[in-house]
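Letter by letter, the chains look like this.
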Amino acid sequence: MMVVVIDAGHGGKDPGALGKTSKEKDIALSIALKTGSYIEKNLKNVRVIYTRKSDRFIPLHERARIANDNHADFFISIHCNANNSSKVYGTETYVMGLHKSQENLEVAKLENASILKEDDYLQHYEGFNPNSAEAYIIFSLYQNAYLDESLNLAAKVQRQFKERVGLRDRGVYQAGFWVLYKTTMPGILVETGYLSNTKDEKFLKTKSGQTYLASAIYRAFKEYKEELDRNQQAAASVPIVQSETISNKNIFFRVQIASSPKKVNTSRRFKGLSDMFNYKHLGEFKYCTGKFSSFNEANALKNTLRRGKYKDAFVVAFQDGKRISLEKAKSLVKKP
Ligand SMILES: [Zn+2]
């Protein structure tokens, strides 16, 4: 089962960007609910969780917590943009990272300003001031572990907007959005258009415009999921014997799923899993499943296990039965 969190930006006392006759919070909610309902209706094995389903104020840290606590596989945040110039129009999709332009920084500042609507915001944001450009320096240290997946869906969303809805594609960018910063899974923040632009606002506030935008996001997500499913099937169908004969360096990748101070009965405790393997590290028994000669195959199994009951599964590498770092294993495998 895959879990996707759909996050309608703003809400309640935080209206978000203001158009001439509309508010971002209302448009974002409508698009979010539609997107979620398309996924629920049409995609099997996907559970949709909404951070809000009504006009409520939800702090940014709370939105991230909802996604993390539910072990979501993807986080999709839906917003509308605004600019000082009414001429600027079109769609953008963001992934977490350090901004590369002033324009992108301004978008992140605008979205993060929601923090200031919270009564006790000083407690929850590690002293981060969303209005200070200097505060954004912390994001230069940030390593986005899910950059590839996030960029993949972001590009698909933008392509759908452009090719299927005929909207202006302003591109995929990185910037320091707190809500993406604190979520521990791939995530995107979609800016569906500019409420400061008359034409964009007109489109955004109509039911048909919202339906177009939601179905574009849905189709992008569907494409992303189908791609993921195909990769996992391909990984699962690789015979393990073949993997072993290919590798001549005795390096294997496995997926670690549990640790215990006492040795456990693996066949009973980890029923249904194959290639169980355990090793002792710092006085604890560590339990792994799978045996692959490539990181990608192990990683695909890890993703599958995380969707099941092994939420904390991760890939580990071994050389001649001894644990080595993933970096070392990857570089050794790469060498001819
Ligand atoms: Zn917003």
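Calculation notes
- Residues numbered from 1 in each chain as written.
- Predicted model: local features only at pLDDT ≥ 70, side-chain atom pairs only at ≥ 80, totals over all residues.
- Heavy atoms only, no water.
- Donors = N, O, S within 2.8 Å, 3.2 Å for Na, K, Ca; no water.
- Buried < 20%, exposed > 50% of the residue type's maximum accessible area, 1.4 Å probe, protein only.
- Pairing = 2+ DSSP bridges.
- Helix = DSSP H or I, 4+ residues; strand = E, 2+ residues; numbered from the N terminus.
- Axes fitted to C-alpha atoms, helices over the stretch in contact; angles between N-to-C directions.
- Contact = heavy atoms within 4.5 Å.
- Salt bridge = Lys/Arg side-chain N within 4 Å of Asp/Glu carboxyl O.
- Domains from an automatic or database assignment.
- Buried area = accessible area lost by both parts, 1.4 Å probe.

Draft legend 1. Layout of the coordination of the zinc ion. Those protein atoms acting as donors to the zinc ion are His10 (NE2), Glu24 (OE), His79 (ND1), Glu111 (OE) and Glu111 (OE), and they sit at 1.9 to 2.5 Å. Residue class for glutamate 24 comes out buried when judged on its relative accessible area of 2%. We classify histidine 79 as buried; its relative accessible area is 6%.

Draft legend 2. The sheet that holds strand β4 (residues 91-96), seen in detail. If you trace the six strands from one edge of the open sheet to the other, you get β2-β1-β3-β6-β4-β5, paired in mixed fashion. Of all the strands in the sheet, just β2 (46-50) and β5 (169-175) have a single pairing partner and so form its edges. The sheet shows a mean angle of 20° between the axes of neighbouring strands, taken without regard to direction. Relative to β2, strand β1 (residues 2-8) is paired through five bridges, and the arrangement is parallel. Among the inter-strand pairings, valine 5 is bridged to a residue of β2, identified as isoleucine 49. Against the sheet, helix α3 (residues 102-112) engages β3 (74-81), β4, β5 and β6 (187-194), with an angle of about 70° to β5. Relative to the sheet, helix α5 (residues 147-163) contacts β3, β4, β5 and β6, its axis offset from that of β4 by approximately 175°.

Draft legend 3. Local environment of the pattern of salt bridges. Scanning the entire structure with this criterion turns up 14 salt bridges. Ionic pairing is found between glutamate 92 and arginine 170, a salt bridge with its closest N-O pair at 2.5 Å. Highlighted residues: glutamate 92 in strand β4 and arginine 170 in strand β5, separated in sequence by 78 residues. Neither glutamate 92 nor arginine 170 differs from the other in exposure class; each is buried. One continuous salt-bridge network, built from bridges that share partners, spans Glu62, Arg65 and Asp69.

Draft legend 4. Structural context of the sheet that holds strand β11 (residues 322-324). In spatial order, the strands read β8-β9-β7-β10-β11; together these five strands make up an open sheet with antiparallel pairing. Each of the sheet's edge strands pairs with one partner strand only, and the pair in question is β8 (277-281) and β11. Ignoring which end each strand starts from, the neighbouring axes of this sheet average 50° apart. One ladder, built from six bridges, connects strand β7 (residues 251-260) with strand β10 (residues 314-319); its direction is antiparallel. Across the sheet, phenylalanine 252 pairs through a bridge with phenylalanine 318, a residue of β10. Against the sheet, helix α11 (residues 295-307) touches β7, β9 (284-292) and β10, its axis set at about 25° to β7.

Draft legend 5. Spatial organisation of the environment of glycine 209. Its location among the elements puts glycine 209 in helix α8 (residues 207-236). The class for glycine 209 is buried, based on a relative accessible area of 0%. Along the sequence, glycine 209 and arginine 47 sit 162 residues apart, while their C-alpha atoms lie 25 Å from each other.

Draft legend 6. Examining the domain arrangement of the protein chain more closely. Domain annotation for the protein chain reports domain 1 (2-232) and domain 2 (241-334). Its C-alpha centre places domain 1 at a distance of 35 Å from the equivalent point of domain 2. Across the boundary between the two partners, domain 1 contributes six residues, which contact six residues of domain 2. Both faces combined, the contact of domain 1 with domain 2 buries some 570 Å², and carbon together with sulfur accounts for 47% of it. It is His71, Asp73 and Gln232 in domain 1 that bury the most area against domain 2; as a group they hold 66% of the surface buried on that side. Along the contact surface separating domain 1 from domain 2 lie one salt bridge.

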